[in-house]
Amino acid sequence: RLEHEFAERFGHSWGIAHCNGTATMQTALMAAGVGIGDEVIVPAFTVFSTPAAALHCNAVPVIVDVDPDTWTISVDAIRNHLTPRTRAIIPVSICGLPADLDPIMELAKEHDLVVLEDNAQCVLGEYKGRVAGAIGHFSSFSFQSSKTVTCGDGGILICSDETLALAARKAATVSF
């Protein structure tokens, strides 16, 4: 019931409960087919779990600058670091503020990339009238004790693509 209702609250169809927020990001990347030598763009201002998720997939985390006004990932920095090996972008919400997601989603569409919103610090935050966590291909939430919504630990991954959701569920089952 938690999986269904949490996903539904964010306008997604599937939720997959996890042991923590790091595991949610790892399974999302695996579900998206990120693997050896692929690149995952992450912001410089984040917890180590974000680039660690890429490393777990044997991918290379590409750490890019953040916007000095918002502390969230810089769209220009993303654009400047795209290569043919780039497979995913993980914009991280900081202190309740989501990244500038519209241009990130445009870049993702243009370059066939997966966007995994890390919303551990932005439960029910808004971006241009939409709820943060409802915009990317995946959205990751952590329930670790210092987060906005907590139960001591745990996490949930949500998405609306049935194929990605099934792949994430399978990845979560076999890898942790």
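These numbers come from a predicted model, not from an experiment.

Asker: So what's going on with the packing of aromatic side chains? Which residues, and what values?
Answerer: Enumeration over the complete set of coordinates arrives at 2 aromatic pairs. Consider the rings of Phe10 and Phe141, whose centres lie 4.8 Å apart with planes at 45 degrees: the pair is tilted. Linking Phe10 in the loop between helix H1 (2-9) and strand S1 (14-18) with Phe141 in strand S8 (residues 138-142), this pair joins segments that are 131 residues apart in sequence. Here Phe10 and Phe141 have matching classes, each one buried. Measuring from centroid to centroid gives 5.6 Å for Phe45 and Trp71, while their planes differ by 80 degrees, and the two rings are edge-to-face. Of this pair, Phe45 sits in the loop between strand S2 (39-43) and helix H3 (49-56) while Trp71 sits in the loop between strand S3 (60-64) and helix H4 (75-81), and the two are 26 residues apart along the sequence. Exposure remark for Phe45: the relative accessible area of 41% places this residue in the partly exposed category.

Asker: I'd like to hear about the sheet that holds S3, residue by residue, with values.
Answerer: One open sheet accounts for 7 strands, arranged S1-S9-S8-S5-S4-S2-S3; its pairing is mixed. The open sheet has two free edges, formed respectively by S1 and S3, since each of these has just one partner strand. Across the sheet, the mean angle from the axis of one strand to that of its neighbour is 25 degrees, orientation sign disregarded. As paired elements, S1 and strand S9 (residues 155-159) share 5 bridges and run antiparallel to each other. The residue of S9 that forms the bridge with Trp14 is Cys159.

Asker: Could you give an account of a nonpolar patch on the surface, naming the residues involved and the relevant values?
Answerer: Taken together, Val47, Phe48 and Leu55 make up a surface patch of nonpolar side chains, about 320 Å² in accessible area. Mapped onto the elements, Phe48 comes out in the loop between S2 and H3.

Asker: Report on the pairing of strand S5 (residues 114-118), specifying residues and quantitative values.
Answerer: In the case of a regular strand, side chains alternate between the two sheet surfaces. The buried fraction of S5 amounts to 5 of the 5 residues, a majority that puts the element mostly inside the structure. Burial of the side chains of S5 extends over both faces: Val114, Leu116 and Asp118 are buried on one face and Val115 and Glu117 on the other. Direction of pairing for strand S4 (residues 86-89) relative to S5: parallel, over a ladder of 2 bridges. Within the sheet, the bridge partner assigned to Ile89 lies in S5 and is Val115.

Asker: Hey, could you go over the nonpolar core for me, with residue numbers and the actual values?
Answerer: In this structure, Leu29, Val34, Val40, Ile90, Leu116 and Phe138 are the most contacted members of the largest nonpolar core, which totals 24 residues. Among the elements of the structure, helix H2 (21-31), S2, H3, S5, S9 and helix H6 (162-175) are those that each provide at least two residues to this core. By residue number, the principal contributor to this core is H2, which donates 4 residues. Residues in contact with Leu29, not counting those within four places in the same chain, are Val34, Val40, Ala53, Ala54, Cys57, Ala88, Ile90 and Leu116. By size, the runner-up hydrophobic cluster in this structure holds 19 residues, among which are Leu82, Leu107, Val115 and Ile135.

Asker: Describe the side chain of Thr50, and please don't skip the residues or the numbers.
Answerer: Checked against the element boundaries, Thr50 lands in helix H3. Overall, Thr50 belongs to the buried group, its relative accessible area being 0%. Reaching out from Thr50, the side chain makes a polar contact with the side chain of Thr46 at a distance of 2.8 Å. Setting aside residues no more than four positions away along its own chain, Thr50 makes contact with Met25, Val42, Ile90, Val92 and Asp118.

Asker: Can you explain the state of the cysteines? Please cite residues and give values.
Answerer: Formally, a disulfide is one covalent bond, and it connects the sulfur atom of one cysteine to the sulfur atom of another. Applying the stated criterion across every chain yields a total of 0 disulfides. For the unlinked cysteine Cys159, the closest cysteine sulfur is that of Cys57, found at 15 Å. By relative accessible area, Cys159 is classed as buried at 1%.

Procedures and definitions
- The numbering scheme is per chain: residues are counted from 1 as the chain's sequence reads.
- Predicted model: local features are reported for residues with pLDDT of at least 70 only, side-chain atom pairs are reported and counted for 80 or more only, and whole-chain, interface and lining totals are derived from all residues.
- Hydrogens and water molecules were not included; the side-chain quantities draw on all heavy atoms of the structure.
- Note on ring pairs: Phe, Tyr and Trp rings are taken, using the six-membered ring of Trp, and paired if centres are within 6.5 Å. Classes follow the plane angle, with under 30 degrees stacked, over 60 edge-to-face and the rest tilted.
- By definition, any uninterrupted DSSP run of H or I lasting at least four residues is a helix, any uninterrupted run of E lasting at least two residues is a strand, and each is numbered from the N terminus.
- The rule is simple: take the accessible area with a 1.4 Å probe, protein chains only, and divide by the maximum for that residue type; under 20% is buried, over 50% is exposed, in between is partly exposed.
- Pairs of strands are assigned from DSSP output, requiring at least two bridges between the strands.
- Angles here are taken between N-to-C directions and fall from 0 to 180 degrees, while the axes themselves are lines fitted to C-alpha atoms, restricted in helices to the stretch in contact.
- Each patch is assembled from residues with relative accessible area greater than 30% and no salt bridge, linking like charges that lie within 9 Å and nonpolar side chains (Val, Leu, Ile, Met, Phe, Trp, Tyr) that lie within 5 Å.
- The Shrake-Rupley method, run with a 1.4 Å probe sphere, supplies the accessible areas, and residue values consider only the shown protein chains as cover.
- Take a side-chain nitrogen of Lys or Arg and a carboxyl oxygen of Asp or Glu: if they are within 4 Å of each other, that pair is a salt bridge.
- Nonpolar cores are built from buried Ala, Val, Leu, Ile, Met, Phe, Trp, Tyr and Cys residues. Side-chain atoms within 4.5 Å join them into one set.
- Contacts are assigned to residue pairs with any non-hydrogen atoms lying within 4.5 Å of each other.
- For the purposes of these results, a polar contact is taken to be a pair of N or O atoms within 3.5 Å, where, inside protein, one atom must be able to donate a hydrogen and its partner to accept one; residues adjacent in sequence count only when each atom of the pair is a side-chain atom.
- Pairs of cysteine sulfur atoms within 2.5 Å are identified as disulfides in what follows.

Function-wise, these values are silent; they only describe arrangement.
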